Amino acid sequence: MERTYIMLKPDCVERGLIGEVISRIERKGYQITAMKMMHLDEPILREHYSHLVNEDFFPLLVDFMMSGPVVAMIVEGEDCIAGMRRLMGPTNNANAAPGTIRGDLACSNRLNIIHGSDSPETAEAEIKRFFG
Ligand code: DAT
Ligand code: MG
């Protein structure tokens, strides 16, 4: 069994797609073992997106992620770290296949609905960051 950190972004909440995305996660057979709505601030986003702080799009990313509440979740299941990334599809919606969350629902490479950890190490660090 693995666990991963999943976060529904402000565009997902604002568009009323929380249920749609959670349904897909549950239908896949993964279990949501913790969930809460949060408002993020700049310090936690600088930490969470530390690999991107020098990108020119970083300020827009932070503004977007603070534009409304997010839904933070711990998701558990066999091979769920890579499995959730497959369910999500790639970062840029233009490359995301129909049938994936981003392929079906995302509007751009920033407004892309959902975050999911990309490795076992980041999953544990992100769960600690958002759930303590
Ligand atoms: P992912 O969210 O697929 O793990 P990432 O960790 O590389 O992708 O980037 C985190 C977020 O930053 C991503 O979901 C949206 C934003 N982002 C990444 N690349 C971008 C780009 N080229 N232009 C605008 N936003 C970008
Ligand atoms: Mg990432």
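Below: a short report on this structure. Because the structure is a prediction, the values reported are computed rather than measured.

### Some thoughts on the packing of aromatic side chains
Right, on to step 1. In total, this model carries 2 aromatic pairs according to the counting rule given.
Right, on to step 2. On the basis of an interplanar angle of 5° and a centroid distance of 4.5 Å, the ring pair of Y5 and F130 is categorised as stacked. With a gap of 125 residues between them, Y5 in strand β1 (residues 2-8) and F130 in helix α7 (residues 120-131) connect regions that are remote in the sequence.
Right, on to step 3. Judged by centre distance (6.3 Å) and plane angle (70°), the ring pair of Y5 and F131 falls under edge-to-face.

### Focus: the site of ligand 1
Right, on to step 1. Taken together, the residues surrounding ligand 1 are K9, Y49, H51, L52, F57, L61, R85, T91, R102, N109 and N112.
Right, on to step 2. In the model, an oxygen atom of ligand 1 is placed 2.8 Å from a nitrogen or oxygen of the K9 side chain.
Right, on to step 3. Contacts to ligand 1 include N109, whose side-chain N or O atom sits 3.2 Å from a nitrogen atom.
Right, on to step 4. Bound to the protein, ligand 1 loses 80% of the 520 Å² it would expose on its own.
Right, on to step 5. Of the pockets mapped on this structure, ligand 1 occupies the largest pocket.

Calculation rules
Residues numbered from 1 in each chain as written. Chains lettered and ligands numbered in written order. Predicted model: local features only at pLDDT ≥ 70, side-chain atom pairs only at ≥ 80, totals over all residues. Heavy atoms only, no water. Phe/Tyr/Trp six-rings, centres within 6.5 Å; stacked < 30°, edge-to-face > 60°. Helix = DSSP H or I, 4+ residues; strand = E, 2+ residues; numbered from the N terminus. Near = heavy atom within 4 Å. Polar contact = N/O pair within 3.5 Å; in protein donor to acceptor, adjacent residues only side chain to side chain. Areas by Shrake-Rupley, 256 points an atom, 1.4 Å probe, with all protein chains shown as cover. 1 Å grid on protein atoms, 1.4 Å probe; cavity = no way out; pocket = protein on both sides within 12 Å on 5 of 7 lines; lining within 4 Å. Sits in = over half its atoms within 2 Å of the grid points.

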